[in-house]
Amino acid sequence: FRVINIDATIVAEKPKLSEFIPRMVKEIEGVLEIEPGRINLKATTSEGLGFAGRGEGIAVYAVVLVEEE
């Protein structure tokens, strides 16, 4: 299988991730050997709710489209 595209959301109260997202996207593109523009990565907070909101962890929700080679 090969990755066609990725849409992911990182949920964390701290640290603020916006400045790191471009580098994270480049690293993922390099590791997966996919073309630029096929990764949509965003960050948000959980507004103080749940384990991520209490600063006890980070969650990531991702949808990945793959195709058989």
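As a reminder, the structure under discussion sits directly above these lines.
So, here is what we can say about the structure in this document. (Residues numbered from 1 in each chain as written. Predicted model: local features only at pLDDT ≥ 70, side-chain atom pairs only at ≥ 80, totals over all residues. Heavy atoms only, no water.)

**Quick look at the environment of Gly50**
Then, number 1: Note that Gly50 resides in helix 2 (residues 50–53).
Then, number 2: Residues Gly50 and Val63, 13 residues apart in the sequence, show an inter-C-alpha distance of 22 Å. (Helix = DSSP H or I, 4+ residues; strand = E, 2+ residues; numbered from the N terminus.)

**Things to note about the side chain of Glu13**
Then, number 1: Structurally, the position occupied by Glu13 is in the loop between strand 1 (2–11) and helix 1 (21–32).
Then, number 2: Lys16 provides the closest opposite charge to the buried, salt-bridge-free Glu13, at an N-O distance of 5.7 Å.
Then, number 3: Among the polar contacts listed, one links the side chain of Glu13 to the backbone nitrogen of Ser46, at a separation of 2.8 Å.
Then, number 4: With sequence-adjacent residues up to four places away left out, Glu13 is seen in contact with Thr45, Ser46, Glu47, Gly48, Ala52 and Gly53. (Buried < 20%, exposed > 50% of the residue type's maximum accessible area, 1.4 Å probe, protein only. Lys, Arg positive; Asp, Glu negative; His and termini not counted. Salt bridge = Lys/Arg side-chain N within 4 Å of Asp/Glu carboxyl O. Polar contact = N/O pair within 3.5 Å; in protein donor to acceptor, adjacent residues only side chain to side chain. Contact = heavy atoms within 4.5 Å.)

**Section: helix 1**
Then, number 1: Helix length check: helix 1, at twelve residues, gives a terminal C-alpha distance of 16 Å against a target of 16 Å (1.5 Å per residue), a fit within 8%.
Then, number 2: The inward-facing, buried residues of helix 1 abut strand 2 (39–44).
Then, number 3: Looking one or two places after helix 1, you find Glu33, whose phi comes out positive at around 55°. (Expected span 1.5 Å × (residues − 1).)

**A short note on the pattern of salt bridges**
Then, number 1: For the structure on display, the rule yields three salt bridges.
Then, number 2: Among the salt bridges present, the one from Arg2 reaches Glu67, with a minimum N-O distance of 2.6 Å. Placement of the pair is Arg2 in strand 1 and Glu67 in strand 3 (residues 59–67), with a sequence separation of 65 residues.
Then, number 3: Judged by relative accessible area, which is 35%, Arg2 ranks as partly exposed.
Then, number 4: Glu67 sits in the partly exposed class, given a relative accessible area of 33%.
Then, number 5: Here Asp7 ties to Lys42 by a salt bridge, and the two come within 2.6 Å at their closest N and O atoms. With a gap of 35 residues between them, Asp7 in strand 1 and Lys42 in strand 2 connect regions that are remote in the sequence.

Interpretation note: all reported values are geometric properties and have no functional meaning in isolation.
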